[in-house]
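Single-letter residue listing:
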Amino acid sequence: MKRVMVVFGTRPEAIKMCPLVNELKSREGIRTFVCVTGQHTDMLSGVLDAFDVVADYNLSVMRQGQGLSELSRAMLEGLDKIFREVNPDIVLVHGDTSTAFCAALAAFYLKIPVGHVEAGLRTYDIYSPYPEEFNRRAISIIARYNFAPTEHAKKNLVREGVADRSIYITGNTVIDALSTSVKSDYRHTELEWAQGSRLILITAHRRENIGAPMRNIFKALRRVIEDSEDVKAIYPIHKNPEVRRIAYEEFSGCERLHLIEPLEMLDFHNFMARSYMLLTDSGGIQEEAIALGKPVLIMRNTTERPEGIETGGAVLTGTTEQGIYDNFTRLLKDRSLYESMCDKKNPYGDGKASQRIADIILRKSY
Ligand code: UDP
């Protein structure tokens with residue numbers, strides 16, 4: 001019986017790891033343990049409930065005002081104890097969070113093999129996203145199994161000297177998640193408010209954008225929304241108090257834009273499925289939007305997910321007011337551009353990534 005320990009801590013990781021947890025649990029010959037670190041708390045439970053996943057361990061590491069060093073120390077200590085108790089054959093981590101980095105490091109110290117889900121994403125700018133670009137590069141040094149979502153991610157790893165035989169192209173597990181979350185009979189009062197208009201779904205919260213870039217973003221969005229009578233926008237606003245302060249100032253009195261509380265995953269995925277297009281500075285939403293056939297404007301200067309831009313479903317707008325205004329206006333006005341962006345092949349997977357990863361784990365001896 002293989003003992004597989006899955007560790008995650010944030011909402012985006014949970015969305016992408018829960019389909020894998022369920023796949024592993026369905027396999028004979030695997031005993032699965034789930035450890036959540038508590039890097040996100042309230043935002044995690046809705047995702048666990050939606051996938052019917054129960055954590056075996058919860059480190060509850062988050063403290064008010066805690067810095068990255070303190071957070072990492074708490075996670076390393078807690079994970080070390082759990083790994084010693086469970087004695088797993090492999091530890092699976094996801095992506096680029098501090099949780100993923102600390103779990104990989106704690107496993108490495110105990111010489112436990114690490115499998116890295118969503119391996120090989122890069123911007124090659126160590127401060128963007130921060131600290132995630134460092135985290136994912138450091139995990140690639142440790143991981144014995146690299147589950148790369150795309151050919152592009154694999155190439156990044158090979159270029160860095162990661163052994164070819166350790167890399168498996170699996171697709172992204174987020175596509176697996178969407179197949180359970182999007183429902184045809186979904187209803188919500190906010191969607192009723194937007195009915196009859198083109199619905200624009202917005203998210204913006206990246207740490208690198210807080211301050212002047214975020215003001216630019218919001219000013220541009222407001223100008224376009226106020227110019228376009230057939231458009232309504234919904235912005236589920238992140239809990240970060242600074243993001244909230246800037247958003248409430250910049251959007252005050254803008255009637256065709258609703259600032260709402262962050263949505264549960266099931267709601268967010270169904271809002272996306274019913275929107276006309278998305279504007280975001282998020283990572284994972286780029287993949288989800290394209291998978292759902294929704295054009296996406298990426299309000300950042302770099303992205304670790306160039307596949308969406310290469311296939312034509314996404315555009316990188318930068319964070320200047322004019323850049324965002326021009327791209328947003330063009331996409332609203334140019335119907336054939338819009339339709340061509342909806343029609344692009346999804347480069348992020350076919351919904352079977354979890355199956356492939358479980359197959360590889362069963363096949364391998366450690
Ligand atoms: N998401 C959500 N509710 C929201 C906004 C986003 O459930 O109100 C989900 C979204 O579907 C995606 C993930 O959270 O899977 C993206 O999270 P975020 O933008 O925080 O992180 P990133 O992907 O940039 O790391």
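Here, every reference points to the structure presented above.
None of these values were measured; they are calculated from a predicted model.

J.: Just checking my understanding: could you explain the overall build of the protein chain for this structure?
T.: The helix and strand tally for the protein chain stands at 16 helices and 13 strands. Radius of gyration (C-alpha) of the protein chain: 20 Å, near the 21 Å computed for a compact globule of 366 residues. In terms of overall dimensions, the protein chain has a C-alpha envelope of 60 × 40 × 40 Å along the principal axes. Out of the 366 residues in the protein chain, the part that is buried amounts to 58%. Taking contacts inside the protein chain between residues at least 6 apart in sequence as the whole, the part at least 24 apart equals 69%. When the accessible area of the protein chain is evaluated, it comes to approximately 15400 Å², of which 48% is carbon and sulfur surface. Here the protein chain contributes 47 positively and 49 negatively charged side chains, and the mean placements of these two sets differ by 4 Å.

J.: In this structure, what is going on with the nonpolar core? I would like to understand it.
T.: A general trend in soluble globular proteins is that nonpolar side chains are found buried together. By size, the foremost hydrophobic cluster in this structure holds 51 residues, and its most contacted members are Phe-8, Leu-24, Leu-92 and Phe-147. The greatest single-element share of this core, amounting to 7 residues, is contributed by helix 1 (residues 11-25). Residues in contact with Leu-24, not counting those within four places in the same chain, are Val-4, Val-6, Ile-30, Thr-32, Leu-92, Ala-358 and Ile-361.

J.: How should I be thinking about the pairing of strand 1 (residues 2-8) in this particular structure?
T.: Two faces belong to every sheet, and in a regular strand the side chains alternate between them. The buried fraction of strand 1 amounts to 6 of the 7 residues, a majority that puts the element mostly inside the structure. Two strands pair when backbone bridges link them, and strand 1 and strand 2 (residues 30-36) are joined in this way by 7 bridges, in the parallel orientation. Paired with Lys-2 across the two strands is Ile-30, which belongs to strand 2. With respect to chirality, the unit in which strand 1 leads through helix 1 into the neighbouring parallel strand 2 is right-handed.

J.: Got a minute to help me understand a negative patch on the surface in this structure?
T.: On the surface, a cluster of negative charge is contributed by Asp-42, Asp-49, Asp-52 and Glu-264. Position of Asp-42 among the secondary structure elements: in helix 2 (residues 42-51).

J.: Would you take a moment to explain the layout of surface pockets for this structure?
T.: Unoccupied space between atoms shows up once a probe the size of one water molecule is rolled over them. Size it by volume and the second largest pocket reaches roughly 190 Å³. In this structure, the second largest pocket is lined by Tyr-186, Arg-187, His-188, Leu-191, Glu-192, Ala-194, Gln-195, Ser-197, Arg-198, Leu-199, Arg-274 and Tyr-276. Counting only elements with at least two residues in the lining of the second largest pocket, the list comes to helix 8 (189-194) and strand 8 (198-203). Per-element accounting of the lining of the second largest pocket gives the leading share, 3 residues, to helix 8. In terms of residue class, the lining of the second largest pocket is built from 5 nonpolar, 3 polar and 4 charged.

J.: How should I be thinking about the site of the ligand in this particular structure?
T.: Close to the ligand lie 17 residues, the nearest being Leu-263, Ser-282, Gly-283, Gly-284 and Glu-288. In this structure, a nitrogen atom belonging to the ligand sits 3.2 Å away from a side-chain N or O atom of Arg-11. Within the backbone of Gly-283, one N or O atom sits 2.7 Å away from an oxygen atom of the ligand. Relative to its free-state accessible area of 540 Å², the ligand is covered by the protein chains to the extent of 89%. Among the secondary structure elements, those contributing two or more residues to the shell around the ligand are helix 1, helix 11 (265-273) and helix 12 (284-291). Split into classes, the residues belonging to the shell around the ligand amount to 8 nonpolar, 5 polar and 4 charged.

J.: Where do I start with a nonpolar patch on the surface in this structure?
T.: Taken together, the side chains of Leu-68, Ile-126, Tyr-127, Tyr-130 and Phe-134 define a hydrophobic patch exposed on the protein surface, amounting to about 480 Å² of accessible area. On the secondary structure map, Leu-68 appears in helix 3 (residues 68-86).

J.: Please explain the packing of aromatic side chains as it appears in this structure.
T.: The geometry of two aromatic rings is summed up by the distance between their centres and the angle between their planes. For the structure on display, the rule yields 9 aromatic pairs. Residues Phe-101 and Phe-134 carry aromatic rings whose centres are separated by 5.3 Å and whose planes lie at 70 degrees to one another, so their mutual orientation is edge-to-face. Separated by 33 residues along the polypeptide, Phe-101 in helix 4 (residues 98-109) and Phe-134 in helix 5 (residues 132-142) bring together distant segments of the chain. Looking at Phe-101, the relative accessible area reads 17%, which means it is buried. Centroid distance Phe-147 to Tyr-168: 6.0 Å. Interplanar angle 35 degrees. Geometry classified as tilted. Of the two residues, Phe-147 is situated in strand 6 (residues 145-148) and Tyr-168 in strand 7 (residues 167-169); the sequence distance between them amounts to 21 residues. With respect to burial, Phe-147 and Tyr-168 carry one shared label: buried.

J.: I'm lost on the sheet that holds strand 1 in this one. Help?
T.: Strand pairing in a sheet is mediated by backbone hydrogen bonds. Such pairs are either parallel or antiparallel. Spatial strand order, 3-2-1-4-5-6-7: 7 strands in an open sheet with parallel pairing. The sheet is open, and its two edges are formed by strand 3 (57-58) and strand 7, each paired on a single side. Two elements, strand 2 and strand 3, share 2 bridges in a ladder whose sense is parallel. Within strand 3, the position partnered with Val-36 by the bridge is Asn-58. In this fold helix 4 packs onto strand 1, strand 4 (90-94) and strand 5 (114-117), with an angle of close to 160 degrees to the strand it touches most, strand 4.

J.: Which parts of the structure should I look at to understand the sheet that holds strand 10 (residues 257-260)?
T.: Taken in spatial order, the 6 strands of this open sheet run 10-9-8-11-12-13, and their pairing is parallel. Looking at which strands have only one partner, the edges of the open sheet turn out to be strand 10 and strand 13 (314-316). On average, each strand axis in the sheet is inclined to that of its neighbour by 20 degrees, with strand direction left out of account. Here strand 8 pairs with strand 9 (residues 231-236) via 4 bridges, running parallel. Among the inter-strand pairings, Leu-201 is bridged to a residue of strand 9, identified as Ile-234. Docked against the sheet, helix 14 (residues 321-333) engages strand 8, strand 9, strand 11 (277-280), strand 12 (296-298) and strand 13, running at close to 175 degrees with respect to strand 11.

Conventions and cut-offs
- Residues numbered from 1 in each chain as written.
- Predicted model: local features only at pLDDT ≥ 70, side-chain atom pairs only at ≥ 80, totals over all residues.
- Heavy atoms only, no water.
- Helix = DSSP H or I, 4+ residues; strand = E, 2+ residues; numbered from the N terminus.
- Rg over C-alpha atoms; globule rule 2.2 N^0.38 Å.
- Buried < 20%, exposed > 50% of the residue type's maximum accessible area, 1.4 Å probe, protein only.
- Contact = heavy atoms within 4.5 Å.
- Areas by Shrake-Rupley, 256 points an atom, 1.4 Å probe, with all protein chains shown as cover.
- Lys, Arg positive; Asp, Glu negative; His and termini not counted.
- Charge placed at Lys NZ, Arg CZ, Asp CG, Glu CD.
- Core = buried A, V, L, I, M, F, W, Y, C linked by side-chain atoms within 4.5 Å.
- Pairing = 2+ DSSP bridges.
- Right-handed = clockwise from strand over helix to strand, strands pointing away.
- Patch = residues over 30% accessible without salt bridge, like charges linked within 9 Å, V, L, I, M, F, W, Y side chains within 5 Å.
- Salt bridge = Lys/Arg side-chain N within 4 Å of Asp/Glu carboxyl O.
- 1 Å grid on protein atoms, 1.4 Å probe; cavity = no way out; pocket = protein on both sides within 12 Å on 5 of 7 lines; lining within 4 Å.
- Points joined across faces, edges and corners; volume = space filled by probe spheres on them.
- Nonpolar A, V, L, I, M, F, W, Y, C, P; charged D, E, K, R; others polar.
- Near = heavy atom within 4 Å.
- Polar contact = N/O pair within 3.5 Å; in protein donor to acceptor, adjacent residues only side chain to side chain.
- Phe/Tyr/Trp six-rings, centres within 6.5 Å; stacked < 30°, edge-to-face > 60°.
- Axes fitted to C-alpha atoms, helices over the stretch in contact; angles between N-to-C directions.

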